[in-house]
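Residue-level structure breakdown
One-letter residues, chain by chain:
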Amino acid sequence: MNTKQEILDFLVMLVKASKKFSHVSNDLVEKALLKEIRRRPSFHSILQRPSLKGLERNKIVKTLIRRVRSSLFPYTSMHYTRKADKRYEYFDALKKNTDQGHAEEINRNILRCHTSSRERLQHYEGLYLDIFAITGQPKSILDIACGLNPFSLPFMGLADFEYIVSDADVATCNLLKDYFVLTQSRGVKGTVLCLNLLSDGDLETIRKLPLVDVCFLFKILDLLDKRGHKRSEMLLTAVNAHY
């Protein structure tokens, strides 16, 4: 007889069987599963099944998996373009590059790999000028659900500041950790947090972060607000920033 955790692990595997969700952390998927199971009584029986046999063909399980994937939409590789995998190739080139002008073009190529940063690509310089005209030159920035936005660093016109970023995608977090090793020479102290904005515990982690000058929340609130505005409200009240 399979344990509840074994069944839960199997459900996590089913959610991540789709390539679009393969990079989402197991912890994030498990929390989303438990949240959906608590929400609908019809899902409760899934964790009481004596065996994994036939589980993936079960109609209730298919409904559960579909709902969980829908809830995880803001955290998946769906927001990466068809060239998503090339971000690693571009990053390898960035590590070997010594010419600043060429480095900026490589950063642009990396930014093109994510739909949100690709949309901002032609506007980054003006965007940051407009923001910092209001906030002043920040000495600390928090970038929540950042995607590949940290690769826009060359267009911020900043040096010697603290840059804290968060994302739910483990692969993205690992890439950004490597990137911040490169930015140390420019006085950028980078910190990467792998956080799930659906988790109350991870929102508490954000709440406990030190006060920052500016917080970026680019294109995340509308994705959180699929079922009311409570989650966005919780996130906004957790952020400790001047702007």
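Summary of the structure given here. (Residues numbered from 1 in each chain as written. Predicted model: local features only at pLDDT ≥ 70, side-chain atom pairs only at ≥ 80, totals over all residues. Heavy atoms only, no water.)

**Re the nonpolar core**
Applicable threshold: The criterion is simple. A nonpolar core is a set of buried Ala, Val, Leu, Ile, Met, Phe, Trp, Tyr and Cys residues joined through side-chain atoms within 4.5 Å. Between buried and exposed lies partly exposed: a residue is buried under 20% and exposed over 50% of the maximum accessible area for its type, with that area taken using a 1.4 Å probe on protein chains only. What counts as a helix is a DSSP run of H or I of at least four residues, what counts as a strand is a run of E of at least two, and both are numbered from the N terminus.
If you look at the biggest cluster of nonpolar residues, it comprises 34 residues, and the most contacted ones within it are Tyr128, Ile141, Phe151, Met156, Tyr163 and Phe216. Of all elements in the fold, only helix H4 (86-96), helix H5 (100-111), helix H7 (124-135), strand E2 (161-167), helix H8 (170-183), strand E3 (188-194) and strand E4 (214-216) reach the threshold of two or more residues within this core. Sort the elements by how many residues they give to this core and H8 lands first, with five residues. With 25 residues, the next largest nonpolar core counts Ala32, Leu55, Val68 and Leu198 among its residues.

**Overview of the sheet that holds E2**
The line we're drawing: Between any two strands, pairing holds if DSSP finds at least two bridges. Every axis corresponds to a line fitted to the C-alpha atoms, with the helix fit spanning only the stretch in contact, and the corresponding angles, defined between N-to-C directions, vary from 0 to 180 degrees. Any two residues having at least one pair of non-hydrogen atoms within 4.5 Å are treated as being in contact.
The four strands are arranged E3-E2-E1-E4 in an open sheet whose pairing can be described as parallel. If you trace the sheet from one side to the other, it starts and ends with E3 and E4, each paired once. Across the sheet, the mean angle from the axis of one strand to that of its neighbour is 15 degrees, orientation sign disregarded. Judged from the seven bridges that link them, E2 and E3 form a sheet pairing that is parallel. For Glu162, the partnering residue across the bridge sits in E3 and is Lys189. Taken strand by strand, H8 contacts E2 and E3, and its axis lies near 170 degrees from that of E3.

**Re the environment of Ala145**
Among the secondary structure elements, Ala145 is positioned in the loop between strand E1 (140-143) and E2. Once the C-alpha coordinates of Ala145 and Met13 are considered, the two residues, 132 residues apart in sequence, prove to be 24 Å apart.

**Digging into the packing of aromatic side chains**
Basically, it comes down to this: Two rings from Phe, Tyr or Trp (for Trp, the six-membered ring) form a pair when their centres are within 6.5 Å of each other. A pair whose planes differ by under 30 degrees is stacked, one over 60 is edge-to-face, and the rest are tilted.
Evaluated as defined, the whole model comprises 10 aromatic pairs. Ring geometry for Phe161 against Tyr163: centres 5.8 Å apart, planes inclined by 35 degrees, an arrangement best described as tilted. Each member of the pair, Phe161 as well as Tyr163, carries the same accessibility label: buried. A centroid spacing of 5.7 Å and a plane angle of 65 degrees characterise the contact between Tyr163 and Phe180, whose relative ring orientation is edge-to-face. Taken together, the positions of Tyr163 in strand E2 and Phe180 in helix H8 put the pair 17 residues apart, joining distant regions of the chain. The pair Tyr163 / Phe180 is uniform in exposure class, with both members buried.

**Quick notes on the packing of helix H9 (residues 200-207) against helix H11 (residues 230-238)**
What describes two packed helices is the angle between their axes and the distance between those same axes. So the rule is basically this: When an angle is under 35 degrees it counts as roughly parallel; over 145 it counts as roughly antiparallel; between 65 and 115 it counts as roughly perpendicular; any other value is oblique. Each residue receives one of three labels: charged for Asp, Glu, Lys and Arg, nonpolar for Ala, Val, Leu, Ile, Met, Phe, Trp, Tyr, Cys and Pro, and polar for the others, Gly being one of them.
In the contact formed by H9 and H11, the axes pass within 8 Å of each other and the chain directions differ by 25 degrees. By the angle class used here, H9 and H11 are roughly parallel. Mapping the contact onto sequence places Asp200, Leu203, Ile206 and Arg207 in H9 and Arg231, Met234, Leu235, Thr237 and Ala238 in H11. In the contact of H9 with H11, the residues fall into five nonpolar, one polar and three charged.

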